[in-house]
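One letter stands for each residue in the lines below.
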Amino acid sequence: MNTTSRPNIKTRFLIISDTHGVEFRLEAKPLKHADVAIQCGDLTNESKIEEYRATIRLLEDIDAPLKLVIAGNHDFTMVDVVVTHGPPKGILDYTESGQRAGCSNLFAAVARARPRLHCFGHIHEGWGAKLVTWRDRLSETPSHFADIDNWRSVVVETLSGLKKSMFDMKTVEYYTHERCYATGHCAGDANPLEWGAQTLFVNAAIGGNEDHPVQMPWLIDIELPGAEKKLTLELSPATLPKSQPAQ
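So, a few notes on the structure that sits alongside this text. Quick caveat: nothing in here was measured; it's all calculated off a predicted structure.

Glancing now at the sheet that holds strand S3 (residues 66-69). The sheet built from three strands is open, its strands ordered S1-S2-S3 with parallel pairing. Looking at strand neighbours, the two that pair on one side only are strand S1 (13-16) and S3, the edges of this open sheet. Averaged over all neighbouring strand pairs, the angle between strand axes comes to 15 degrees, with direction disregarded. When strand S2 (residues 36-39) meets S3, the two strands line up parallel, connected through four bridges.

Right, here's the structure in full:
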């Protein structure tokens, strides 16, 4: 019997962390090429837009074709977004055979954290989005059977629903022009996301089947908390209280 073994491939990683919105100084900028660059969190100090922009510029200075980034405890406008490859069990995880392929431990972790957004893929036929409303009290072992309030949850779209809507020419023209499925859950929208009580789940698997080889990406609008503004009070000498003479 002929056996073949795959050769090991030397892979170079450039790893950084806790950059806190600071870019590389010219004399400290990494010059070596890496196959993968990893930033292990705390991209910012106060989660401000300019700090994120500085982080993007920092990453652009790294010579690596693949760059992986996660949020840290200082990046509090990002910690409400969970990204995994596979789905949680019970949510947008049905396979063509009708089996649920999601992870029960992942569901339990997300149910406890209750992020605003959880996006994933892996189960191509599970493409869709659902605004899940959690029950007030969480089970000791959270599951999709016991801890989702389905009466107050909203199915945004599923693959089967999308296929039915494609018989409407206006819908076809819209998606042909937009090239994505857009949904908004901000204040003023039809279904605004209620932080702490709801999570928007999105299965964004692009690869389809023979009938629909490419599925649409999702364009999502949700509200994230802004950075706290610090008030700096500047006092001129004229406004300072005058010292009282000693008695």
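Tracing the chain through its elements places arginine 114 in the loop between helix H2 (104-113) and strand S5 (117-120). By relative accessible area, arginine 114 is classed as buried at 17%. Measuring from C-alpha to C-alpha, the distance between arginine 114 and leucine 200 comes to 9.6 Å, with 86 residues separating the pair along the chain. When sequence neighbours within four positions are dropped, the list of residues in contact with arginine 114 reads Trp134, Arg135, Asp136, Leu138, Gly196, Ala197 and Thr199. A polar atom in the side chain of arginine 114 sits 2.8 Å from the backbone oxygen of arginine 135. Side-chain polar atoms of arginine 114 contact the backbone oxygen of glycine 196, separated by 3.1 Å.

About the cut-offs
- Residues numbered from 1 in each chain as written.
- Predicted model: local features only at pLDDT ≥ 70, side-chain atom pairs only at ≥ 80, totals over all residues.
- Heavy atoms only, no water.
- Pairing = 2+ DSSP bridges.
- Helix = DSSP H or I, 4+ residues; strand = E, 2+ residues; numbered from the N terminus.
- Axes fitted to C-alpha atoms, helices over the stretch in contact; angles between N-to-C directions.
- Buried < 20%, exposed > 50% of the residue type's maximum accessible area, 1.4 Å probe, protein only.
- Contact = heavy atoms within 4.5 Å.
- Polar contact = N/O pair within 3.5 Å; in protein donor to acceptor, adjacent residues only side chain to side chain.

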